[in-house]
Amino acid sequence: MMVSALIERELSAETFPIRDGVFVAVVGPSGAGKDTVIGYARARFAEETRLEFVRRVITRPSDAASEDHDTLAEAAFVEAEADGAFAVSWEAHGLRYGIPADVDWSVANGHVAVANVSRAIIPVLRERYANLAIVEITASPEVLAERLAMRGRESRGEVLARLARSANVTLSGPGVTSIDNSGPRETAGERFAELLRKAMAFSNMSGLI
């Protein structure tokens, strides 16, 4: 917590937007396979030190069926948030999510940070990072419904309601790339990998300016 707070103090308001590196925001509806695509890229670039795959903090216990994340109880999360432990944070589906503050240091030092985030915080990210790449992972409605049902976390009615909410959300603005993950994960994974290669090339050039 102390390290994160120090980073936040060093990055004063005059520092924003943070430059040199690239923040890759992975967004999309539940069931689209965001974690699957990110996991594919993580394995693909296991030896790549310029890439940082951000580990989120969530007020939900970690289990084998969900992403590998750090867990905080609600009260502890609120306290950490107040202490500046997160670069960005948000609430969704009754849970709190946070991106650790040290991601700012990574981007400021020319790295490419990859994180699964909510589409609702894109405006905040645009203000915080000069070089923001938004990757929207999508899938057909049939595939989304099947994947959500397989999780077994929600009733059929809740699944349908979640899909309806997702259908009403559209992304606009610069730097948005859409990747369809309805088929084999390798297909979407390789498209995502190519985008990360371009982000790393861009961050290398940005650091020379």
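Residues numbered from 1 in each chain as written. Predicted model: local features only at pLDDT ≥ 70, side-chain atom pairs only at ≥ 80, totals over all residues. Heavy atoms only, no water.

The chain is annotated in an unreviewed UniProt entry as Ribose 1,5-bisphosphate phosphokinase PhnN of Mesorhizobium qingshengii. Regarding the chain, the UniProt comment filed under Function (unreviewed entry) reads as follows: "Catalyzes the phosphorylation of ribose 1,5-bisphosphate to 5-phospho-D-ribosyl alpha-1-diphosphate (PRPP)." Listed under Sequence similarities (unreviewed entry) in UniProt, the entry text for the chain is "Belongs to the ribose 1,5-bisphosphokinase family." (UniProt positions renumbered as here; feature names shortened; annotations may be inferred.)

A.B. asks: Whenever I open this one, the UniProt feature "binding site: ATP" (unreviewed entry) in the chain confuses me. Can you help?
C.D. replies: Residues given the UniProt feature "binding site: ATP" (unreviewed entry) here are Gly28, Pro29, Ser30, Gly31, Ala32, Gly33, Lys34 and Asp35. The subset of the named residues that lines the second largest pocket consists of Asp35. The topology assignment puts Gly28 in the loop between β1 (22-27) and α2 (34-44). With a relative accessible area of 14%, Gly28 lands in the buried category. In this structure Gly28 touches Lys34, Arg119 and Ile137, once residues within four positions along its chain are discounted. Relative to the assigned elements, Gly33 resides in the loop between β1 and α2. (1 Å grid on protein atoms, 1.4 Å probe; cavity = no way out; pocket = protein on both sides within 12 Å on 5 of 7 lines; lining within 4 Å. Helix = DSSP H or I, 4+ residues; strand = E, 2+ residues; numbered from the N terminus. Buried < 20%, exposed > 50% of the residue type's maximum accessible area, 1.4 Å probe, protein only. Contact = heavy atoms within 4.5 Å.)

A.B. asks: Can you walk me through the layout of surface pockets in this structure?
C.D. replies: Rolled over the atoms, a probe sized like a water molecule indicates the empty space that remains. In this model, the second largest pocket occupies a volume close to 230 Å³. Surrounding the second largest pocket, 13 residues form its lining, Asp35, Ile38, Arg42, Glu67 and Asp68 being those nearest its centre. No other element matches α2, which puts 5 residues into the lining of the second largest pocket. Per-class residue counts for the lining of the second largest pocket are 4 nonpolar, 3 polar and 6 charged. (Points joined across faces, edges and corners; volume = space filled by probe spheres on them. Nonpolar A, V, L, I, M, F, W, Y, C, P; charged D, E, K, R; others polar.)

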